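One letter stands for each residue in the lines below.
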Amino acid sequence: MHEELHRGLEERHIQLIALGGAIGVGLFLGSASAIRTAGPALMITYLLGGIIIFFIMRALGEVAVAYPVSGSFSAYANRFLGPMAGYLTGWTYWFMWVVTCMAEITAVGVYMQFWFPEVPQWVPALAALLCMTAVNLIAVAAYGEFEFWFALIKIITIVIMIVAGLGMIIFGIGNSGIPIGISNLWAYDGFSPKGLPGMIMALVMVMFAYVGIELVGVTAGEAKNPEKTLPAAIDKVFWRILIFYIGALFVIMSLYPWNQLGSIGSPFVLTFEKLGIRSAAGIINFVVMTAALSSCNSGIFSTGRMLYNLSLQGRAPGFFGRLSSRKVPMNGILVSAMFLLIGVVLNYLVPGKVFTYVTSVGTFAALWVWAIIVLVQLKFRQELTPEQQTDLKYPMPGYPVLNWVCLAFLAFVAVVMCFDPDTLVAMIVGPIWLALLVAAYYLCGWNKLDSKGRDISSTR
């Protein structure tokens, strides 16, 4: 009998974890390149991507409310698609967060140089890793509390930027009282200057802005009242994505010509400076740093839970299944943190190309996990009787048609990735990673275990 994780995450934690996972550093730093690729029509791409992500989240929500367990989609894949699927998903998601956190911790070091240029980058990077590891070891409520405040900082910044931007657009605040208006949305070669090809090429950047949103499923095993908190968080995510992403992009591209963004600095910094806030660059640097810390915090949380669940499946060493006195998977957290430490060192030592190849697995992993979530819900629903289907507490709308729409969309994104040299790497390295995992699966004898980690070779 394995120990159960402590259900210490409250509704406000789950709400902000779901939202914080959807708003990453990309909105503050990476939006300019996506805008240059598609122009103002990028808003339509974000809307389309947001709709697909919402239905993927609804698929996850249906199963998570019925089975609120730690390990989420790895545990569900193990249960509904078979041990191999659970194993591949768990280890791939673990690796995705490890490489993501390597990049985020390194980024913290870079951001700190803004205030302390004389301090070596590795010092704040190491401090960030130690702090976030300590937070995750204290209790799950500590992780939830930090994530709540990290997410709140991002949200408040975006809301201020949107409200201030609308003030400039409508009333001319910061522009000598002359309303800026929204003509910039079509003044430079129209609303969709790059046409459909531009919108399609921006799709990859848009989808990876949403990476991390599935994290709410990982919290299911530690939510105080998953039947209530998970549906509430998932239902609100879609509308909040519309407000924060599309609202922010609408304001940014109304205020500044889309074809100048990227060469004139951060739109967030520019907007705050127009309001007369002199320390705008410092404020945005602080916000971006907390966004990176938030990602690191969530990564350590996720990796610990994935190793915990993989050990319960018998597809990772047994000591990962042991919990500390505070009911957190301490061994999984510490081992993941050790890998992060190695990654931070490698990031400074290894040429950039090698690090790009490693992090590209993370890009591939997101598509894999989202597809697995949709397939799990399909299989889950197929196993239910008609009576059980009508009794579902949080059914995914549009089943099974929308499942296939989501899978076709994800397949289309994978195809688009093959046409961009930067993302093609992920479509080559990703399958190699899966092949290595499959080889390890047979070499370690995990193919001889059932979904609960019991040896079935002797019963054949």
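Our structure's up above, just so we're on the same page.
What you are looking at is a predicted structure, and each value in this text was computed from that prediction instead of being measured.

Enquirer: Just give me the short version of the nonpolar core, but keep the residues and values in it.
Expert: Core analysis: the biggest nonpolar cluster contains 160 residues, and Leu 42, Tyr 46, Ile 56, Tyr 93, Ile 158, Tyr 210 and Trp 370 have the highest contact counts within it. Tallying contributions element by element places helix 5 (residues 83-112) first for this core, with 17 residues. Aside from chain neighbours lying at most four places away, what touches Tyr 46 is Val 206, Ala 209, Tyr 210, Tyr 245, Ile 246 and Leu 249.

Enquirer: An account of the pattern of salt bridges is needed here, citing residue identities and associated values.
Expert: Scanning the model with the defined rule gives 10 salt bridges in all. Of the charged contacts in the structure, one is a salt bridge between Glu 10 and Lys 224, with a shortest N-O distance of 3.4 Å. A residue pair is termed long-range when its members are at least 10 positions apart, and Glu 10 in the segment before helix 1 (11-22) and Lys 224 in the loop between helix 9 (215-218) and helix 10 (226-255) qualify at 214 residues. For Glu 10, a relative accessible area of 33% puts it in the partly exposed group. Within the structure, one salt-bridge network assembled from shared partners comprises Glu 10, Arg 12, Glu 145 and Lys 224.

Enquirer: Give a detailed account of a nonpolar patch on the surface, specifying residues and quantitative values.
Expert: A contiguous nonpolar patch, built from Trp 122, Val 123, Leu 126, Leu 130, Leu 341, Val 345, Tyr 348 and Leu 349 and spanning about 740 Å² of accessible area, is present on the exposed surface. Of all the secondary-structure elements, those providing two or more residues to the nonpolar patch are helix 6 (122-138) and helix 13 (330-349). The residue Leu 349 is located in helix 13 in this model. Classification of Leu 349 by relative accessible area gives exposed; the value is 65%.

Basis of the calculations
Residues numbered from 1 in each chain as written. Predicted model: local features only at pLDDT ≥ 70, side-chain atom pairs only at ≥ 80, totals over all residues. Heavy atoms only, no water. Core = buried A, V, L, I, M, F, W, Y, C linked by side-chain atoms within 4.5 Å. Buried < 20%, exposed > 50% of the residue type's maximum accessible area, 1.4 Å probe, protein only. Helix = DSSP H or I, 4+ residues; strand = E, 2+ residues; numbered from the N terminus. Contact = heavy atoms within 4.5 Å. Salt bridge = Lys/Arg side-chain N within 4 Å of Asp/Glu carboxyl O. Patch = residues over 30% accessible without salt bridge, like charges linked within 9 Å, V, L, I, M, F, W, Y side chains within 5 Å. Areas by Shrake-Rupley, 256 points an atom, 1.4 Å probe, with all protein chains shown as cover.

Scope: geometric values only; no functional claims are made or implied.
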